[in-house]
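One-letter residues, chain by chain:
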Amino acid sequence: MKITIIGAGYVGLVTAVGFADLGNEVICVDKIPFKLSKLSKGISPIYEPGLTELLQKQIKKGKIHFTDKIEEGVNFSDIIFLCVGTPNGDTGKADLSQVEEASIDIAHNMNSYKFIIEKSTVPVNTHQWVETVIKRYLKKDIKFDVASNPEFLKEGSALDDFMNPDRIVVGVESEKAKDMFKELYKPFVKKGIPLIVTTPAAAELIKHASNSFLAMKISYINMVSELCEKVGADVNMVAEGMGYDKRIGRAFLQAGIGYGGSCFPKDVKAFIKIAEEHGVDFSLIEEVEKINLKRRTNFMKRIKNVFRIIKDKNIAVWGLSFKPNTDDIREAPSIDIIRELEKSKANLKLYDPQAEEGFKHIFPEKQSLKYFDNKYEALKDTDTLLILTDWDEFKGADLDRVKENMRLPIIIDGRNIYQLKDMKKKGFEYYSIGRENFDPKGMWK
Ligand code: UGA
């Protein structure tokens, strides 16, 4: 099939490459010139495992093209995916100006039937508004359908999530739209992936409700971790015990310094606003957000508790991205924590396998803040190591080498990546989340 994707961001690009890999012909429209020039050369503007390789393969096969001309995109296919950004506006409400712009562009260039699919995360009933905008700007009497098809892929495993989703959700209003989705998602249904056909409003809600629910699970276990610290229980064990219950599940019960990224913070905020606008008291979700932000201040308190005086301490930080396997630092907890450490006049030595470049835009290198290409080098003469992202390469680090390189063997782990018994054996002073804190000299009370 021929497919048009508007917006070559995370979701748009992965969707484009994924559909091309399934044998479709795809055109991807974006307005940002530097992005397009990179993409046309087969260079992905984002770090996502496997994406560059698959992109290059599909370009070679002629299955994917990039353009800045919306007219070309609209003419190319009857199926148009809207994958533009929907950031929070000033109040936290989703800013739909990119959705409007794309809808007007489609209307201006429409010359035959079009099937317009919202893939961007949008507030419930946006499909009605998209329909209104297109009708308003359409000059001829041309039929079109607007449908919703939210995406559930995660950064760091985006291609695999796209190809093997738990479910595909489509919200349609016409039989024609339903049939087009069935055709489009045939290869997935063949693999046994459930295709859930519902109304556009329900599909839009499923996305916001799912992200907010997952964020709630994280905040829930983080509160449990606070309780664990008070009573001397281990949050990992509590999560494991809870997770065996199939109704609860172990996923997204990893306690730590909280969620970040371009989705949960944005979508939780937007969901709060949606409930507010419809007169629904959904204070439960407001708490989720509050708890999450408090994780960062609590982590800072922990550092201050351990050192009292932060000024002039040499502090190594492993992990800057909001989660592993991505270079994305949007809303990363590391940003707030490093800002606070800077205010307290610490000397910082930062290391991340992928996120250094983006981080340098916010925190340029200077005497008191240095970036390192090697995680062990970053540890030289440090008084403590903070772990802010759970990259696999940190989990597998040589702990003897870590200890040798540091001035003081103190680790404050915001992601619970090490086993307590290993840390005890190696003689570290080790602080983590919702677990026993200990130091070999027995100073910690
Ligand atoms: C999230 C959802 O998981 C996807 O289903 C959704 O499609 C996507 O948002 C989106 O709306 O586009 P993503 O933000 O890429 O995906 O990554 P997650 O794996 O969900 O992690 C989000 C944050 O939660 C990270 O900061 C991660 O460290 C944190 N997290 C995750 C925890 O603190 N604990 C956990 O147990 C799980």
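The preceding data block contains the structure.
Residues numbered from 1 in each chain as written. Predicted model: local features only at pLDDT ≥ 70, side-chain atom pairs only at ≥ 80, totals over all residues. Heavy atoms only, no water.

Looking at the sheet that holds strand β9 (residues 314-318)
For step 1, the next point in the chain: The 6 strands lie next to each other as β11-β10-β9-β12-β13-β14, forming an open sheet whose pairing is parallel. Of all the strands in the sheet, just β11 (369-371) and β14 (429-431) have a single pairing partner and so form its edges. Here the average twist between neighbouring strands, direction ignored, is 20°.
For step 2, the next point in the chain: Two strands pair when backbone bridges link them, and strand β10 (residues 347-351) and β11 are joined in this way by 3 bridges, in the parallel orientation. (Pairing = 2+ DSSP bridges. Helix = DSSP H or I, 4+ residues; strand = E, 2+ residues; numbered from the N terminus. Axes fitted to C-alpha atoms, helices over the stretch in contact; angles between N-to-C directions.)

Topic: the packing of aromatic side chains
For step 1, the next point in the chain: Per the stated rule, a full pass over the model turns up 16 aromatic pairs.
For step 2, the next point in the chain: Both rings, one in tryptophan 318 and one in tyrosine 376, keep their centres 6.4 Å apart while their planes meet at 85°; by these two values the pair is edge-to-face. Pair noted here: tryptophan 318 is in strand β9 and tyrosine 376 is in the loop between β11 and β12 (384-387), with a separation of 58 residues, a long-range link. Taken as a pair, tryptophan 318 and tyrosine 376 share a single burial class, namely buried.
For step 3, the next point in the chain: Here the aromatic residues Phe19, Phe81, Phe115, Phe162, Phe181, Tyr185 and Phe188 are joined through ring pairs into a cluster of three or more. (Phe/Tyr/Trp six-rings, centres within 6.5 Å; stacked < 30°, edge-to-face > 60°. Buried < 20%, exposed > 50% of the residue type's maximum accessible area, 1.4 Å probe, protein only.)

Concerning the site of the ligand
For step 1, the next point in the chain: By nearness alone, 20 residues border the ligand, and Phe152, Leu153, Glu155, Lys207 and Asn211 come closest of all.
For step 2, the next point in the chain: Glutamate 151 has a polar backbone atom sitting 3.4 Å from an oxygen atom of the ligand.
For step 3, the next point in the chain: Side-chain polar atom of lysine 207 to an oxygen atom of the ligand: 2.7 Å apart, as the coordinates give it.
For step 4, the next point in the chain: Bound to the protein, the ligand loses 91% of the 710 Å² it would expose on its own.
For step 5, the next point in the chain: Secondary structure elements with two or more residues in the shell around the ligand: α10 (200-231) and α12 (264-277).
For step 6, the next point in the chain: A total of 3 residues in the shell around the ligand trace back to one element, the largest contributor, which is α10. (Near = heavy atom within 4 Å. Polar contact = N/O pair within 3.5 Å; in protein donor to acceptor, adjacent residues only side chain to side chain. Areas by Shrake-Rupley, 256 points an atom, 1.4 Å probe, with all protein chains shown as cover.)

Notes on unusual backbone geometry
For step 1, the next point in the chain: Although it is not a glycine, asparagine 125 adopts a positive phi angle of roughly 75°.
For step 2, the next point in the chain: Inspection of the secondary structure puts asparagine 125 in the loop between β5 (114-118) and α6 (126-137).

Focus: the environment of glutamate 240
For step 1, the next point in the chain: Along the chain, glutamate 240 falls in helix α11 (residues 235-243).
For step 2, the next point in the chain: Taking relative accessible area as the criterion, glutamate 240 reaches 41% and is therefore assigned partly exposed.
For step 3, the next point in the chain: Put simply, glutamate 240 and leucine 253 are 13 residues apart on the chain and 8.5 Å apart in space, counted from C-alpha to C-alpha.

Overview of the nonpolar core
For step 1, the next point in the chain: In this structure, Phe19, Phe81, Phe115, Phe181 and Tyr185 are the most contacted members of the largest nonpolar core, which totals 41 residues.
For step 2, the next point in the chain: By residue number, the principal contributor to this core is helix α1 (residues 10-21), which donates 7 residues.
For step 3, the next point in the chain: Look past the residues within four positions of phenylalanine 115 in its chain and what remains in contact with it is Asp78, Ile79, Ile80, Asp145, Ala147, Ala177, Met180 and Phe181.
For step 4, the next point in the chain: Membership of the second largest hydrophobic core comes to 39 residues, among which are Ala255, Phe307, Leu348 and Leu386. (Core = buried A, V, L, I, M, F, W, Y, C linked by side-chain atoms within 4.5 Å. Contact = heavy atoms within 4.5 Å.)

Observations regarding the pattern of salt bridges
For step 1, the next point in the chain: With the rule as written, the count across this model stands at 30 salt bridges.
For step 2, the next point in the chain: For the salt bridge of glutamate 356 with lysine 360, the shortest nitrogen-to-oxygen distance reads 2.8 Å. Pair noted here: glutamate 356 and lysine 360 are both in helix α15 (residues 356-362), with a separation of 4 residues, about one helical turn.
For step 3, the next point in the chain: Shared partners join several salt bridges into a network, and the residues in it are Lys31, Glu101 and Asp105. (Salt bridge = Lys/Arg side-chain N within 4 Å of Asp/Glu carboxyl O.)

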